[in-house]
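Residues per chain, in single letters:
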Amino acid sequence: SKGAGRDCYTFFAIEMQLEVLKEQKVEKELNTALLNNELCLYYQPLLKSDTKALIGAEVLIRWQHPERGLVPPFEFIPIAEKTGLISRVDDWVLLQAAQQLRSWLDMGISIPSLSVNISAHRLNQRDFAEYVHKVIRQTGIPPQTLCIEITEENMITNLENVRNTLNLLRQYGVKVALDDFGTGYSSLSYLKELPVDKLKIDRSFVMDMHQDPQDRAIIRTIIELGHGLGLWVNAEGVENEVQIRMLRELGVDEFQGFFFSRPLPLAEFAEHYLISHES
Ligand code: C2E
Ligand code: CA
Ligand code: CA
Ligand code: CA
């Protein structure tokens with residue numbers, strides 16, 4: 001009946017309003033978090049597939065909330081993306097990662113690279129390449145030690161613009177990775193249009209590959225495609241030894257996943273991966 005329809009509409013409207021209120025609250029708190037240093041970085045190792053040597057780490061953001069404890073990115077990154085606050089978050093992460101590379105260099109510790117996630121929102125802004133350049137100049141890190149991870153997910157409102165930005169970054173020497181490859185609607189056209197150095201096979205393909213021949217076929221094809229284009233290929237979400245054996249046989253270049261390590265806080269990452277245990 002009409003009445004039920006109206007109730008339903010009202011309920012929906014209230015839910016929408018609550019959602020908006022929640023977003024506004026998170027946005028406000030996130031603003032404070034940026035000022036109060038409540039955000040921090042975790043580090044997940046990237047390992048060379050043949051030797052299992054450390055070849056870098058992906059930095060992943062966490063929010064040390066005063067009341068809610070450690071908040072994972074899926075609870076605030078999407079809201080930050082919606083409100084545009086993500087640009088400040090991305091810039092903060094990039095600077096933080098570069099400063100960390102700097103202080104490791106100063107301590108004589110070498111880590112080949114750090115990978116940083118940059119949202120489509122930030123990537124679409126014209127001053128992004130300039131900002132990266134400024135961070136590199138300020139910290140004096142070798143540009144090749146920085147890798148920018150981009151996703152095709154709701155990417156690129158202005159492909160031309162993004163292509164220019166990525167070209168500039170690569171001229172500086174910065175690496176570019178295409179994240180979550182294979183999950184979007186236009187993976188192949190991005191690959192054709194955008195200059196990248198690395199492909200990251202999405203975890204959803206790796207997850208069941210040890211029991212699903214179709215996933216294996218997809219992964220085999222992504223690796224061939226990547227290598228055919230001269231790209232480095234990462235497999236994310238590696239959780240067991242069967243996957244490792246299969247991915248090796250298929251020729252993947254780099255492993256990342258809980259089997260090797262979860263993302264770790266700085267001290268733990270440094271202790272396990274950077275500081276020599278020999279005395
Ligand atoms: P992502 O870029 O695809 O990052 C990889 C995610 O997979 C991480 O989740 C990591 O903890 C998880 N992961 C790695 N290995 C495994 C595994 O073996 N099994 C399983 N089940 N998961 C694994 P996390 O840290 O929760 O990050 C989620 C997403 O949030 C990221 O996905 C990225 O899209 C976004 N994000 C994280 N940090 C940042 C950031 O600093 N800036 C931006 N813009 N986005 C970020
Ligand atoms: Ca990533
Ligand atoms: Ca990913
Ligand atoms: Ca993702």
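Here goes a summary of the coordinates provided.

Criteria and thresholds
Residues numbered from 1 in each chain as written. Chains lettered and ligands numbered in written order. Predicted model: local features only at pLDDT ≥ 70, side-chain atom pairs only at ≥ 80, totals over all residues. Heavy atoms only, no water. Helix = DSSP H or I, 4+ residues; strand = E, 2+ residues; numbered from the N terminus. Donors = N, O, S within 2.8 Å, 3.2 Å for Na, K, Ca; no water. Phe/Tyr/Trp six-rings, centres within 6.5 Å; stacked < 30°, edge-to-face > 60°. Buried < 20%, exposed > 50% of the residue type's maximum accessible area, 1.4 Å probe, protein only. Lys NZ or Arg CZ within 6 Å of the ring centre and 35° of its normal. Salt bridge = Lys/Arg side-chain N within 4 Å of Asp/Glu carboxyl O. Near = heavy atom within 4 Å. Polar contact = N/O pair within 3.5 Å; in protein donor to acceptor, adjacent residues only side chain to side chain. Areas by Shrake-Rupley, 256 points an atom, 1.4 Å probe, with all protein chains shown as cover. Axes fitted to C-alpha atoms, helices over the stretch in contact; angles between N-to-C directions. Parallel < 35°, antiparallel > 145°, perpendicular 65-115°, else oblique. Left-handed = near helix turned anticlockwise from the far one by under 90°. Contact = heavy atoms within 4.5 Å. Nonpolar A, V, L, I, M, F, W, Y, C, P; charged D, E, K, R; others polar. Expected span 1.5 Å × (residues − 1).

Considerations on unusual backbone geometry
Across the chain, the bulk of peptide bonds are trans and the bulk of non-glycine residues have phi less than zero.
Consideration 1: We note that N37 has phi near 60°; this positive angle belongs to a residue other than glycine.
Consideration 2: On the secondary structure map, N37 appears in the loop between helix 1 (2-36) and strand 1 (39-48).
Consideration 3: With a phi close to 60°, K52 is a non-glycine residue in the positive phi region.
Consideration 4: In this structure, K52 sits in the loop between strand 1 and strand 2 (54-65).

Some points on the coordination of the calcium ion (ligand 3)
Consideration 1: Those donors, D179 (OD), D180 (OD), E236 (OE) and E236 (OE), are the protein atoms that reach the calcium ion (ligand 3), and they lie 2.2 to 2.6 Å from it.
Consideration 2: Considered as a linear motif, the donors of the calcium ion (ligand 3) on their single chain read D-D-x55-E.

Focus: the packing of aromatic side chains
Consideration 1: Inspection of every chain in the model, using the stated rule, returns seven aromatic pairs.
Consideration 2: Ring geometry for F255 versus F260: centroids 5.5 Å apart, planes at 15°, classification stacked.
Consideration 3: A relative accessible area of 18% places F260 in the buried class.
Consideration 4: The interplanar angle of 85° and the centroid separation of 5.2 Å between the aromatic rings of F259 and F260 together place this pair among those described as edge-to-face.
Consideration 5: An aromatic cluster is defined as three or more aromatic residues linked by ring pairs; in this entry it consists of Y43, W104, F269 and Y273.
Consideration 6: The ring of Y42 has R62 sitting right over it, with the charged end atom 5.2 Å from the ring centre.

Here we look at the pattern of salt bridges
Two side chains of opposite charge can pair, provided their charged atoms sit close to one another.
Consideration 1: As enumerated under the stated definition, the model contains 15 salt bridges in all.
Consideration 2: The shortest N-O distance in the salt bridge between E149 and K200 comes to 2.7 Å. With E149 in strand 5 (residues 146-151) and K200 in strand 7 (residues 198-201), this pair connects stretches of sequence that are 51 residues apart.
Consideration 3: The exposure class of E149 is buried, given its relative accessible area of 1%.
Consideration 4: Among the residues examined, K200 registers a relative accessible area of 0% and is labelled buried.
Consideration 5: R170 is the partner of D197 in a salt bridge, and the nearest nitrogen-oxygen pair spans 3.0 Å. Taken together, the residues span a long stretch of sequence, with D197 in the loop between helix 7 (187-193) and strand 7 and R170 in helix 6 (residues 159-172) at a distance of 27 residues.

Section: the site of ligand 1
Consideration 1: Around ligand 1, the surrounding shell holds 21 residues, and the nearest of these are R62, D90, R203, E239 and F258.
Consideration 2: Contacts to ligand 1 include N117, whose side-chain N or O atom sits 3.1 Å from an oxygen atom.
Consideration 3: Here D179 contributes a side-chain N or O atom positioned 3.0 Å from an oxygen atom of ligand 1.
Consideration 4: In the complex, 82% of the free accessible area of ligand 1, which totals 800 Å², lies under the protein chains.
Consideration 5: Mapped onto the shell around ligand 1, the elements with two or more residues apiece are strand 2, helix 3 (86-106) and strand 6 (175-181).

Some remarks on the packing of helix 9 (residues 213-228) against helix 10 (residues 241-250)
Consideration 1: Where helix 9 contacts helix 10, the axes come no closer than 10 Å and their chain directions differ by 40°. Classified by the angle between their axes, helix 9 and helix 10 sit oblique to one another. You can see that helix 9 and helix 10 cross each other, and the crossing is right-handed. On helix 10, the residues touching R216, I219, R220 and I223 of helix 9 are M246, L247 and L250.
Consideration 2: When the residues that make up the contact of helix 9 with helix 10 are grouped by side-chain class, the tally is five nonpolar, no polar and two charged.

Regarding helix 3
Consideration 1: Taking 1.5 Å of rise per residue, 21 residues should cover 30 Å, and helix 3 covers 30 Å from first to last C-alpha, within 8% of that figure.
Consideration 2: Just downstream of helix 3 lies G108, where phi reads positive at about 80°.

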